[in-house]
Every structure is written in C-alpha cells, then in structure tokens.
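Residues per chain, in single letters:
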Amino acid sequence: MNDALENILLDVSKSPDIDGGDLEKASELILASALKGLDITRVSIWLLQSDKQAMRAAKLIDEKSPNAEVPVLYKNQLPSYFQALESERTIIANDARCHPATIELTNGYLEETGVYGLLDVPLRHKGEMIGVMCSESRRENRIWTPAEVAFVGMLADIYGRAVSAAERERFEALLIQQNEQLESMVEERTQSLTKALDNFKQAQERLIETEKMAALGKLVAGVAHEVNTPLGVSVTAVTHCEHRLKKLNQSFTDGSISRKHLQTFIDNTFEAYQLLSSNLERAATLIQNFKKTAVDQSSFELVKCQLNDYLHALVLSLNPMVKKKKVTITIHCNEDIVLKTYQGALAQIVTNLVSNTNDHAFAEPDENHQIEIIATEEDSGVRFSFRDNGKGMDSETIKDIFEPFFTTSRQTGGSGLGLSIVYNLVTRKLKGQISVQSTPGEGTEFSFFLPNLPK
Ligand SMILES: Nc1ncnc2c1ncn2[C@@H]1O[C@H](COP(=O)(O)OP(=O)(O)OP(=O)(O)O)[C@@H](O)[C@H]1O
Ligand SMILES: [Mg+2]
C-alpha cells in the first residue's frame, strides 16, 4: 500500500470519531477518506434491513449529483449480488456491468448513476454481514489496484469498530437508564416498606398499650377483690355493734339493764373491735402494697451503694423477722463491690425475699434453716443469688409466682403481691432480670442481675 493510503488510514484509525459512539460521524469520516484515497466521486454505506431482504443507503456521498434519488436494493431482484456479499471478502468489479456479481445492478442503478467500476466490501459485525461499503468509479476503464482493495477492506474493518463503539454507547445509555429505573424502584419499595414498618410499630405500640391496660385492669380488679373481703368483715362487725348498742340503749331507757347483760355487751364489742381493727389494718396494708407495685419513681434515690456494708445493715434489720424460726442469713460479698442503683428498691427486694422464705420455705423453727445471699461483680453490674434450703416449690407454683395476687397462703393472710413487687422493681425500676429455680424438698434460688444505672 502506498504512503498516501497508509496516511489516510492512520488518520481515520486515530480519529476519536471512530470510537466515540456516534456512527453518523464515523461513517462520514470513513466515506470521505474513501473518496480521497480512491479519487472517486461517489461512495456509500448500505445497511441490511432487519428482515435481511433489502438494503438501504445509510450514508451516501455523491459529489457529482448530490441530490440524485437513492434506490432500495432488494435481495429478490439482486440475488447474485447479495450472494456475493455473503461469501466474498470484496467484490472487485472493474466493469460492474459485466461482472457476474454486479451485472444485476446495470439497469436501475449503474446506468442511472453513470457508474462503471465497483469496489464493494461487505460490512461485518460480530461475524454477521450487516451491509456493504460501495466505492464507485465513473471512469470506464478503472482498474482497482490490490493496494486500493486492501485500503477499502481496512476502512470496512474500521467501520466495524465504529459499529461496536456505537453499540457500546447505546448499551451504556440503556444501563444508565435501567439503573435509574432500578434506583427509583428501590426508592419506591423502601418508602413503602418504611411505611409498612411504621404501621407495624404503631400497631405494636397499641398492642403493648392494650396489654398494659389489661394488666392494670387485672391488678385493679384483684385489689378491689382483696380489699373487699376485710372491708366486708369490718362493715358486718360495725353493723353488729350498732345493733347491740341499740338494744343496750333500750334496756337502759326502760331500766331493764342487768350487770350480766352489760358484761356480755362489753365482751362482744371488744371482739368486734378486734375484728374491725385487724381487718382495717389488712385493708390498709393491701392498699400500701398495691401502691408499691406501681413502682413509684420518686420514692428512691440513685446512689453508689457499698454493697457489702449495705447488705449487712439490711440483714441486721431483718433478723427480728426470722428469729422465731431460727433462720440464719449469711452474706457473701466482696468488700469493694459498689453498685450504682436505687438502694431503697434493693432493700425492698431483699425484704420481700426474706419475708417469703420465712413465711413459705420454713414451717417450724429449726437451727438448720439457712438463707444465703451471694453478690458477684460482673461487667456492667452485680449478680445476686438468693438461696434457701427450705421446702421448695413445684413447677405449677413456680409458673405463677411473679403474678400479682398469686399466693398459696391466702388463709394465713398472704395477698400474693410480694413477688410481683419484686419482679417490677428488678425489671422496671432497676432495669435488671430475675429468674427462679426450685426443687421441692431442696430449696429455692432467686437469681437476679442489677446493672449499674446511668445518671
Ligand atoms: N422461698 C420460697 N419458698 C417456697 N415458696 C415460696 C417462696 N417464695 C415464694 N413462694 C411461693 O410464692 C407465692 C407468692 O409469693 P408472694 O410473695 O408473691 O405472695 P405471698 O407471700 O403469698 O403474699 P404477700 O403478698 O403477703 O407476700 C407464695 O404464696 C409461695 O407459695
Ligand atoms: Mg410474700
């Protein structure tokens, strides 16, 4: 190939228009280069239609008659030409009107355009023939040289490169568009999920609220029921006293009162008053306990509690309670453990546990009755183990012990609020956890963890 053609090829190959993705621009450059390199006046690119039955001019430069009408090339009218494009690398027709591959073009194309020589290179993309680049000579005796054949062959290859670039550009644009669509879909889904989550949270909150109200309702009903019994007894006692007082008053008015009569009245009234006072006291205690279940936030102060000292002081004050049944309370707690907590709440918890052990674990006085309180420091708080070696509980009892008003000793005055108070204090006020383990005949262990509370 001569230098002139080499230089033209180099210029085309280096041009950014080839790989820029704009096929129109690339085609223009390729055709202009062919015109220049081959010194001809008409050059064109034809593309196969999607049905592969016809080709239309995608780009045509005709310097002699720029406005001439451009025909459509149909396969059924030009079978040899289409066949040659499929199978040949190049159709080299110095005299196209006699060449077997192009003779069909004589009428309707070559004669109308005044073309004699054709140098046609099929255009291929991904191995498929997609069209043809036609270099056309209007000189009768034009002989295409091997260098020119090689030159158009290379231009056709460069066109293939440009097609790939345009395709890549189209795919990239499509990808961007699809990404945008995907993003907006994700955004839409996220919004609807967020909304669903919000609705779910609201529903959950409403459910929790309903549960709380139900628990409170149960608690209030329980209290009302519990308080009703001692108050009922008190009302009966008062009515009974009133009735007897009326009778006494009558005997006094009509002078029939006797010493024995008066004595009986005094005895009965004493009994009634004792009944009255014990029942009213019981009602008052119930109300007080009930108030404690609500865990009054303001009744305790947050302090750094020196645990060992505090537990010892507390147990000292509880000893009178357990003295009668000869219960020994031992404490295992390192001197230096400090727990930041509501000390008053901790006192209430230990008191209730000790009182329960005294009431329920041990029936008769015995030297062997033991309560052990073990405090172990952990990462963010202290774990307590509260153990007794008493009668223990069966699984049916354990299941309900933290429920308000659950008691196995209603006859002896138990209200069933002690452990529900403990549970509320540990879990709500002191933000800890509590669990219980017990084996009938072997004893019970309450284990609870109390975290160091922030300010
Ligand atoms: N250390 C224990 N050993 C055996 N049983 C226990 C022990 N502690 C609690 N119980 C059982 O748990 C039940 C519930 O205890 P809780 O303190 O809530 O109510 P109570 O002691 O019966 O009544 P009160 O409200 O007067 O405390 C008790 O009735 C008892 O059956
Ligand atoms: Mg109790």
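Residues numbered from 1 in each chain as written. Chains lettered and ligands numbered in written order. Predicted model: local features only at pLDDT ≥ 70, side-chain atom pairs only at ≥ 80, totals over all residues. Heavy atoms only, no water.

- An unreviewed UniProt entry annotates the protein as histidine kinase of Idiomarina loihiensis.
- Among the UniProt annotations of the protein, the heading Catalytic activity (unreviewed entry) holds the following wording: "ATP + protein L-histidine = ADP + protein N-phospho-L-histidine." (UniProt positions renumbered as here; feature names shortened; annotations may be inferred.)

A look at the overall build of the protein
Right, on to step 1. Looking only at helices and strands, the protein has eleven helices and 13 strands in total.
Right, on to step 2. Scaling as 2.2 N^0.38, a compact globule of 455 residues should have a C-alpha radius of gyration of about 23 Å, whereas the protein reaches 53 Å, well beyond that.
Right, on to step 3. Residues counted as buried form 39% of the 455 residues belonging to the protein.
Right, on to step 4. The long-range fraction of contacts in the protein, counting pairs at least 24 apart against all pairs at least 6 apart in sequence, stands at 66%.
Right, on to step 5. For the protein, the accessible area works out to roughly 26,800 Å², and carbon and sulfur atoms hold 53% of it.
Right, on to step 6. Where the 48 positive side-chain charges of the protein centre and where its 62 negative ones centre are 10 Å apart. (Helix = DSSP H or I, 4+ residues; strand = E, 2+ residues; numbered from the N terminus. Rg over C-alpha atoms; globule rule 2.2 N^0.38 Å. Buried < 20%, exposed > 50% of the residue type's maximum accessible area, 1.4 Å probe, protein only. Contact = heavy atoms within 4.5 Å. Areas by Shrake-Rupley, 256 points an atom, 1.4 Å probe, with all protein chains shown as cover. Lys, Arg positive; Asp, Glu negative; His and termini not counted. Charge placed at Lys NZ, Arg CZ, Asp CG, Glu CD.)

Comments concerning the domain arrangement of the protein
Interface size is often expressed as the accessible area that is lost when the parts come together.
Right, on to step 1. Split into domains, the protein comes out as domain 1 (3-168), domain 2 (208-293) and domain 3 (297-451).
Right, on to step 2. Spacing between the C-alpha centres of domain 2 and domain 3 amounts to 33 Å. (Domains from an automatic or database assignment.)

Some remarks on helix α11 (residues 418-429)
Right, on to step 1. For α11, which comprises twelve residues, the first-to-last C-alpha distance of 16 Å matches the rise-based estimate of 16 Å (1.5 Å per residue) to within 8%.
Right, on to step 2. One or two positions beyond α11, positive phi appears at K431, with a value near 55°. (Expected span 1.5 Å × (residues − 1).)

Structural notes on the sheet that holds strand β2 (residues 54-62)
Right, on to step 1. Strand order in the open sheet formed by six strands is β3-β2-β1-β6-β5-β4, and the pairing between neighbours is antiparallel. Because the sheet does not close on itself, it has two edges, and the strands there are β3 (73-74) and β4 (91-93).
Right, on to step 2. Where strand β1 (residues 42-48) and β2 come together, seven bridges link them in antiparallel fashion. Along β2, the bridge assignment pairs S44 with L60.
Right, on to step 3. Contacting β1, β2, β3, β4, β5 (117-125) and β6 (128-137), helix α4 (residues 79-87) runs over the sheet at an angle of about 110° to β6.
Right, on to step 4. Helix α5 (residues 106-113) contacts β1, β3, β5 and β6 of the sheet and is inclined by roughly 155° relative to β1. (Pairing = 2+ DSSP bridges. Axes fitted to C-alpha atoms, helices over the stretch in contact; angles between N-to-C directions.)

Some thoughts on the site of ligand 1
Right, on to step 1. Every one of the 19 residues lining ligand 1 counts as a neighbour, but H360, T407, T408, S415 and L417 are closest to it.
Right, on to step 2. The contact in question runs from an oxygen atom of ligand 1 to an N or O atom on the side chain of N356, over 2.8 Å.
Right, on to step 3. A distance of 3.0 Å separates a nitrogen atom of ligand 1 from a polar atom in the side chain of D388.
Right, on to step 4. Protein chains shield 92% of the accessible area of ligand 1, which is 600 Å² for the free molecule.
Right, on to step 5. Where the shell around ligand 1 is concerned, the elements lending two or more residues are α9 (343-361) and α11.
Right, on to step 6. By residue number, the principal contributor to the shell around ligand 1 is α9, which donates four residues. (Near = heavy atom within 4 Å. Polar contact = N/O pair within 3.5 Å; in protein donor to acceptor, adjacent residues only side chain to side chain.)

Structural notes on the packing of helix α1 (residues 3-14) against helix α3 (residues 23-38)
Right, on to step 1. Their axes nearest at 10 Å, the elements α1 and α3 cross at an angle of 170°. Overall, the two elements α1 and α3 adopt an arrangement that is roughly antiparallel. Across the interface between the two elements, L5, I8 and V12 from α1 touch L29, I30, S33, K36 and G37 from α3.
Right, on to step 2. Taken together, the residues that form the contact of α1 with α3 break down as five nonpolar, two polar and one charged. (Parallel < 35°, antiparallel > 145°, perpendicular 65-115°, else oblique. Nonpolar A, V, L, I, M, F, W, Y, C, P; charged D, E, K, R; others polar.)

Side note on the side chain of R142
Right, on to step 1. Tracing the sequence through the fold places R142 in the loop between β6 and α6 (146-253).
Right, on to step 2. The class of R142 is buried, set by a relative accessible area of 5%.
Right, on to step 3. Within the structure, the side chain of R142 is placed 2.9 Å from the backbone oxygen of L38, a separation counted as a polar contact.
Right, on to step 4. Separated by 2.6 Å, the side chains of R142 and E148 make a polar contact.

Considering the packing of aromatic side chains
Right, on to step 1. A full pass over the atoms with the stated rule returns five aromatic pairs.
Right, on to step 2. Relative to F448, the ring of F384 has its centre 4.9 Å away and its plane inclined at 10°; by these criteria the two rings are stacked. Within this pair, whereas F384 is found in strand β11 (residues 381-388), its partner F448 is found in strand β13 (residues 443-451), the two being separated by 64 residues in sequence. Each of the two residues, F384 as well as F448, counts as buried.
Right, on to step 3. Their ring planes at 45° and their centres at 5.2 Å tell us that F402 and Y423 sit as a pair that is tilted. Separated by 21 residues along the polypeptide, F402 in the loop between α10 (395-400) and α11 and Y423 in helix α11 bring together distant segments of the chain.
Right, on to step 4. What makes Y423 partly exposed here is its relative accessible area of 35%. (Phe/Tyr/Trp six-rings, centres within 6.5 Å; stacked < 30°, edge-to-face > 60°.)

Describing the sheet that holds β13
Right, on to step 1. If you trace the five strands from one edge of the open sheet to the other, you get β8-β10-β11-β13-β12, paired in mixed fashion. A strand with exactly one partner marks an edge of an open sheet, and here the two such strands are β8 (328-333) and β12 (433-439). Between one strand and the next, the sheet's axes are offset by a mean angle of 15°, whatever the strand orientation.
Right, on to step 2. Both β11 and β13 contribute to a ladder of eight bridges, which runs antiparallel. Paired with F384 across the strands is F448, a residue of β13.
Right, on to step 3. Of the strands in this sheet, β8, β10 (370-378) and β11 are in contact with helix α8 (residues 307-323), which crosses β8 at around 175°.

Looking at the packing of α8 against α9
Right, on to step 1. The N-to-C vectors of α8 and α9 enclose an angle of 40°; their axes lie 10 Å apart at closest approach. Our pair here, α8 against α9, has a crossing hand that is right-handed. Residues L307, Y310, L311, L314, L318, M321 and V322 of α8 form the contact with α9, whose own contacting residues are Q343, G344, L346, A347, V350, T351, V354, S355 and N358.
Right, on to step 2. A breakdown of the residues in the contact of α8 with α9 according to their chemical character gives eleven nonpolar, five polar and no charged. (Left-handed = near helix turned anticlockwise from the far one by under 90°.)

Re the pairing of β11
Right, on to step 1. When you tally the buried positions in β11, you get six out of eight residues, the bulk of the element.
Right, on to step 2. Pairing of β10 with β11 involves eight bridges; the strand directions are antiparallel. Each bridged residue has a counterpart across the sheet, and for E372 the counterpart in β11 is R387.
Right, on to step 3. Two successive antiparallel strands, β10 and β11, enclose a turn made up of two residues.

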